[in-house]
Amino acid sequence: MKLNYRVLVFIAAAIFGLALSAPSLLSLAKGPKITLGLDLQGGLHMLLGVDTAEAIRSKIKSLASSIKYAAEDEDLIIDEFKVRDGKISFELLDKDDIPKMDEILKKIEGIAIGKEGMKYTISLTPEEVASVKKYAITQAVDTIRNRLDQFGLAEPTVAKQGADKILVEVPGIKTPEQEQRIRELIAKAAHLQLMAIDEERAARVDQMTPAEAAKYGDVILPDAQNPDRKYLVKEIPILDGSMLTDARVAFDRNNQPVINFSLNSQGAQIFGDFTGKNVGKRLAVVLDNKVYSAPVIRERIGGGSGQISGGFSVKEAHDVAIALRSGALLAPVFMEEKRSVGPSLGADSIKASMIALITGFLAVVLFMVLYYGIAGVIADVALVVNLFLILAVMALFGATLTLPGMAGIVLTVGMAVDANVIINERIRELLYEGKSVAKAIEQGYANAFSAILDANITTLIAAVVLYAYGTGPIKGFAITMSIGILASMLTAILGTHGIWQMVEQKIEKGGLNKWFGIKVAGGNA
């Protein structure tokens, strides 16, 4: 027997598979491991709805802030600046300002402008409304995924489902406390706003109704720590969290956790201009419609940074910082369906899947040995290496193993051995035709290769499509299938071919019945 490059590659693949699959199979503390999916280790399954109407209201408010800032920057005098029923309305006091205002509005896309004399009414076009709603859902998916990633959770599934739903699956959530924290992190709007206190009417806030406040272009917001305390703030924010670039947990002089945030250049300029013009007045730091602090502006604040303090615990501050960094939800999300998958159900799934995998594997191994003799044993060796390779590659890339993924492995077992069935049958046919063993092996592999390659490529294309358009467990199925197919090309074709080349000289001395499970009259055996 003589080693050849095919056998050396096969041995290297076997060592690679054994080494990298061992930490997962033996639960070793060190080494890469496969992550179990929601259906195997339990966790939290949620279907969320998105309130897209709120996204439209936020868009209008943000638009109002931009128009107001641009008008003040151009020293335009405007009056009755209000946001009502999805429309922005205001009036210019100087008709000479009309060209400048028209120029400002001309630069804004997606708005419909109504003008009557010096009175303006701004609304979103139907196309812009549809675009904002669509973007709100896409943004919510990205934001929730970003939050869960920053939280440190392994392989959460966050995907759009249908037209306006979001599927969230988080493996490994086992306690009610963990579940509650994840739900709060996902649902937190994290809508940061810096709003001016209406100092002129602030003293009457406790006697004022929301309707009366709205007449003055104000809103009444509660204090985050003391709901009985109220603030009267200008409805149009100075700026919002869309201009935030970073948020980090820090500690104040009393060793209480606070959140320091930074603004982008545009936000820093707006912040600096506002604080410079309003020294001695108060600025409310508002998060999710609650006032966390309302300090008096002592001087112009440059640099574009600020602080949120409000009696946070360290965990709360950490979660709020994550939510702020990952971006505010344009539209609130609400729970439509929640289901907890218990660890015991996951254990049952693993047990049932392992029984199916082992039973199927043993049945295939036994059939190959009984039907093909030593050729079947060689195919079985390739099959074992194939399984180790699948597990090793999944562990190496931190892939998640789900129940459909285990089904993909079981299916791969059948597909991998199918390649050797085709090869063995081609070799048998050639032996029946009276070819020598060496020639039958070489031609058998050559004849079988195109059929095996075609089948594997078509299956691989299907797996790629499943991965591209599927979600969660479907992706897991596609991944295991893809890895299994590529591994089988290495083991079932290259590896077994090398073994046959190594032992073919010995076969001449043995019987074909023992090696290939056939009897050929007058054969070379």
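Residues numbered from 1 in each chain as written. Predicted model: local features only at pLDDT ≥ 70, side-chain atom pairs only at ≥ 80, totals over all residues. Heavy atoms only, no water.

Peer 1: When you look at helix 13 (residues 437-469) in this model, what are you seeing that I'm missing?
Peer 2: Because each turn of an α-helix spans 3.6 residues, side chains separated by three or four positions in sequence point in the same direction. Given a rise of 1.5 Å per residue, 33 residues ought to cover 48 Å, and the 47 Å separating the end C-alpha atoms of helix 13 matches this to within 8%. All of the buried residues along helix 13 are Val437, Ala440, Ile441, Gly444, Tyr445, Ala448, Ile452, Asn456, Thr459 and Ala463. (Helix = DSSP H or I, 4+ residues; strand = E, 2+ residues; numbered from the N terminus. Expected span 1.5 Å × (residues − 1). Buried < 20%, exposed > 50% of the residue type's maximum accessible area, 1.4 Å probe, protein only.)

Peer 1: Hey, could you run me through the side chain of His45 in this one?
Peer 2: For His45, the position within the fold is in strand 2 (residues 43-50). Polar side-chain contacts of His45 include one of 3.0 Å to the side chain of Glu169. Among all residues touching His45, those that are not within four sequence positions of it are Leu38, Leu167, Val168, Glu169, Glu337, Lys338 and Arg339. (Polar contact = N/O pair within 3.5 Å; in protein donor to acceptor, adjacent residues only side chain to side chain. Contact = heavy atoms within 4.5 Å.)

Peer 1: So what exactly am I meant to see when it comes to the layout of surface pockets here?
Peer 2: A probe as big as a water molecule, rolled over the atoms, marks out the empty space that is left. By volume, the second largest pocket amounts to about 870 Å³. Lining the second largest pocket are 30 residues, and of these Lys68, Glu72, Ala196, Lys234 and Ile238 lie nearest its centre. Those elements that place two or more of their residues in the lining of the second largest pocket are helix 3 (52-73), strand 3 (78-84) and helix 8 (265-277). Top element by residues in the lining of the second largest pocket is strand 3. It accounts for 5 residues. By residue class, the composition of the lining of the second largest pocket is 11 nonpolar, 3 polar and 16 charged. (1 Å grid on protein atoms, 1.4 Å probe; cavity = no way out; pocket = protein on both sides within 12 Å on 5 of 7 lines; lining within 4 Å. Points joined across faces, edges and corners; volume = space filled by probe spheres on them. Nonpolar A, V, L, I, M, F, W, Y, C, P; charged D, E, K, R; others polar.)

Peer 1: Is there a simple way to think about helix 6 (residues 176-187) in this case?
Peer 2: In this model helix 6 runs 16 Å from its N-terminal to its C-terminal C-alpha over 12 residues, within 8% of the 16 Å that 1.5 Å per residue would give. Glu179, Ile182, Leu185 and Ile186 are the residues of helix 6 that are buried. When helix 6 is viewed along its axis, its buried side chains cluster within an angular range of 130° and face the same direction. Across from the buried face of helix 6, at angles greater than 90 degrees, the exposed residues are Pro176 and Glu177. (Arc of directions from axis to C-beta.)

Peer 1: Sorry if this is basic, but what is going on with the packing of helix 1 (residues 5-25) against helix 11 (residues 374-396) here?
Peer 2: Between two packed helices, the angle of one axis relative to the other and the distance separating the axes together describe the packing. Packing of helix 1 against helix 11 leaves a shortest axis separation of 7 Å and a crossing angle of 55°. Classed by the angle they form, the pair helix 1 and helix 11 counts as oblique. The handedness of the crossing between helix 1 and helix 11 is left-handed. The segment helix 1 lies against helix 11, with Phe10, Ala13, Ala14, Phe16, Gly17, Leu18, Leu20, Ser21, Ser24 and Leu25 engaging Val381, Ala382, Val385, Phe388, Leu389, Leu391, Ala392, Val393, Ala395 and Leu396. For the contact of helix 1 with helix 11, the per-class residue count stands at 17 nonpolar, 3 polar and no charged. (Axes fitted to C-alpha atoms, helices over the stretch in contact; angles between N-to-C directions. Parallel < 35°, antiparallel > 145°, perpendicular 65-115°, else oblique. Left-handed = near helix turned anticlockwise from the far one by under 90°.)

Peer 1: How do you make sense of the sheet that holds strand 12 (residues 239-240) when you look at a structure like this?
Peer 2: Within a sheet, each strand pairs with its neighbour through backbone hydrogen bonds, oriented either parallel or antiparallel. An order of 12-9-15-16 is seen for the 4 strands of this open sheet, with the pairing classed as antiparallel. On the outer flanks of this sheet lie strand 12 and strand 16 (290-293), each paired with one strand and no other. In this structure, strand 9 (residues 192-196) lies alongside strand 15 (residues 283-287), joined through 5 bridges in antiparallel fashion. Within strand 15, the residue paired with Ala196 across the bridge is Leu283. (Pairing = 2+ DSSP bridges.)

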